[in-house]
Amino acid sequence: MSDAASYLPKHPPVNDWVNDFDHTDPRWTENPFPIWDELRASSPIVHTERFLGCYMPTTYEAVRAIANDTEHFSSRRIIVRDVRPEQLAKAPPITSDPPEHKPAKQLLLPPFTPDAMKKLEPRVRAICNELIDEFIADGKCDAAARYTKHIPVRAIAHMLGIPESDGDLFIQWIHDILERGIKDHETLMKAAEAMDGYFAEHIERRKTQPSDDLITTLMNARDKNGQPLQDEHVRGSLRLLLIAGIDTTWSAIGSSLWHLARTPADRERLAREPKLMPSAVEELLRAYSPVTMAREVVKETSVSGCPVKPGNMVLLSFPAANRDPVMFPDADKVVLDRKENRHAAFGLGIHRCVGSNLARMEMTVALEEWLKRIPDFRLDPAGKVTWSEGTVRGPRQLPMLFGQAA
Amino acid sequence: MAAKLKIRVDQDKCQGHARCKSLAPELFELDEYGNAHEVGDGTVPAGLEDKAWLAQTNCPEIAIEVTEE
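Residues numbered from 1 in each chain as written. Chains lettered and ligands numbered in written order. Predicted model: local features only at pLDDT ≥ 70, side-chain atom pairs only at ≥ 80, totals over all residues.

### Re the interface of chain B and chain A
Next up, step 1: Taken together, the contacts link 15 residues of chain B with 19 residues of chain A.
Next up, step 2: When contributions to the side of chain B that touches chain A are tallied by element, the ones reaching two or more residues are α1 (19-23) and α2 (49-58) of chain B.
Next up, step 3: Among the residues forming the side of chain B that touches chain A, the class breakdown is five nonpolar, seven polar and three charged. (Contact = placed C-beta atoms within 7 Å. Helix = DSSP H or I, 4+ residues; strand = E, 2+ residues; numbered from the N terminus. Nonpolar A, V, L, I, M, F, W, Y, C, P; charged D, E, K, R; others polar.)

Here's what the structure looks like:
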């Protein structure tokens, strides 16, 4: 997971954000917040000729309107890329539109309720402590590489019933699909094939040896006609759970620790008042939402007065919506006990993240265990924080000092 | 005496964010899909009014109605 810029095809630098935005520009990756403010001040929806033509709503209101309008905006493409291949890799239900969406989503919802997550919580707490054990004596660590990166991958592997030790493999596939894949189609296809082969093997094995895990649950599920799901559907859903469940939460935990490392008042308050954790988690989700989705315009319509045409993509930035001051007073401030917080970090409308309860539990546990054992920490001035590019934003290098070193 | 409150979750709008259940567990229950429903007939017991409003103002889908009786 080296420097992204070294192998991705270069896009020309942006000189005019309002008419020529590029969410893969290094300045956007590093610090998108002032760019979003500039775009929002200019218009509720902006357009770029890059990525074969792409709109971006800049206000919470416009993002909500698009998320709720499945008639004009399709989820058949959910990543804005340089290419627009006709062959689509389906990952139901995230890539589904009504009426196929609802039955596909209902299959996945029961294993991810808050009660189901409570059963998984002790394992996640143990994972966090196993990780902390490995570096706490050093007085410093790269918290992204040694801590935040491993928690979601191990938790989802545990749920799916696949080896937690295959985690590095999953992380590489996801990097190839979500980051490199924006500009490099071949790398994306290779990773998707490798992932499919991996899951095909696990599905085959369970046909003779069923197990008490999520893969088996999906294989035993029945559609509305009482028929088992096709292997392709099971593989697609597994692809989704793995892709959506890993670097998203890794990013959210990482951004939270990054914020706390550089904001002593919030760090001390959260360590002192653990009851604040639920509202703090929601506020950190709002302020540093990791996930940007996309839609494809399939029917002519207008957004906040701007006509949009079929064939164009729409960058659906929930992170930018969550910084809209019309919706959130002091939107650029982290207020750990914010009282009103209808944030859209997990999306809005029918595509609400199926793993939101899992993500919240992982974030809560990861921050609680870290704060219990490492209450005092700061960014290591000798190191460099780096951020992922594109669809999911979070720290990929997060050098920290703690204990006596802090 | 303060007015009695009643809550109702609009099932067409609820998407199962479960914020209400987390903020006011006494007033909401979740079904097998994680979608929220008001407990009983939605009458808010005395003392839980603040929690009802908190749930209402944090629902991302604006799916919760609070009415004063």
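### So, unusual backbone geometry
Next up, step 1: The peptide bond linking Pro92 of chain A to Pro93 of chain A adopts the cis configuration, its omega dihedral lying at 5°.
Next up, step 2: Checked against the element boundaries, Pro93 of chain A lands in the loop between β3 (73-74) and α5 (101-108).
Next up, step 3: At the junction of Pro98 of chain A and Pro99 of chain A, the peptide bond is cis and its omega measures out at 5° in the coordinates.
Next up, step 4: By the secondary structure assignment, Pro99 of chain A is in the loop between β3 and α5.
Next up, step 5: If you check the backbone angles, Ser304 of chain A has positive phi at about 45° while not being a glycine.
Next up, step 6: Mapped onto the elements of the fold, Ser304 of chain A is located in the loop between β6 (301-303) and β7 (306-308).
Next up, step 7: Even without glycine at this site, Ile62 of chain B takes up a positive phi of about 50°.
Next up, step 8: Looking at where Ile62 of chain B falls in the secondary structure, it is placed in the loop between α2 and β4 (64-68).
Next up, step 9: Taking the number of C-beta atoms within 10 Å as the measure of exposure, Ile62 of chain B has 13 and is therefore partly exposed. (Buried ≥ 20, exposed ≤ 12 C-beta atoms within 10 Å, placed from the backbone.)

### Focus: the sheet that holds strand β12 (residues 399-402) of chain A
Residues and elements named next belong to chain A.
Next up, step 1: Read from one edge of the open sheet, three strands run β4-β12-β9, paired in antiparallel fashion. At either end of the open sheet lies a strand with only one pairing partner, and these are β4 (140-142) and β9 (377-379). The sheet shows a mean angle of 25° between the axes of neighbouring strands, taken without regard to direction.
Next up, step 2: Two elements, β9 and β12, share three bridges in a ladder whose sense is antiparallel. The residue bridging Phe377 from the neighbouring strand is Phe402, located in β12. (Pairing = 2+ DSSP bridges. Axes fitted to C-alpha atoms, helices over the stretch in contact; angles between N-to-C directions.)

### Describing α2 of chain B
Side chains three or four residues apart in an α-helix point the same way, a direct result of the helix having 3.6 residues per turn.
Residues and elements named next belong to chain B.
Next up, step 1: Looking at α2, one finds that the buried residues are Ala52, Ala55 and Asn58. Here the buried residues of α2 occupy an arc of 145° about the axis, which is enough to place them on one side.
Next up, step 2: Along its buried surface, α2 packs onto β1 (5-9), α1, β2 (28-30) and β4. (Arc of directions from axis to C-beta.)

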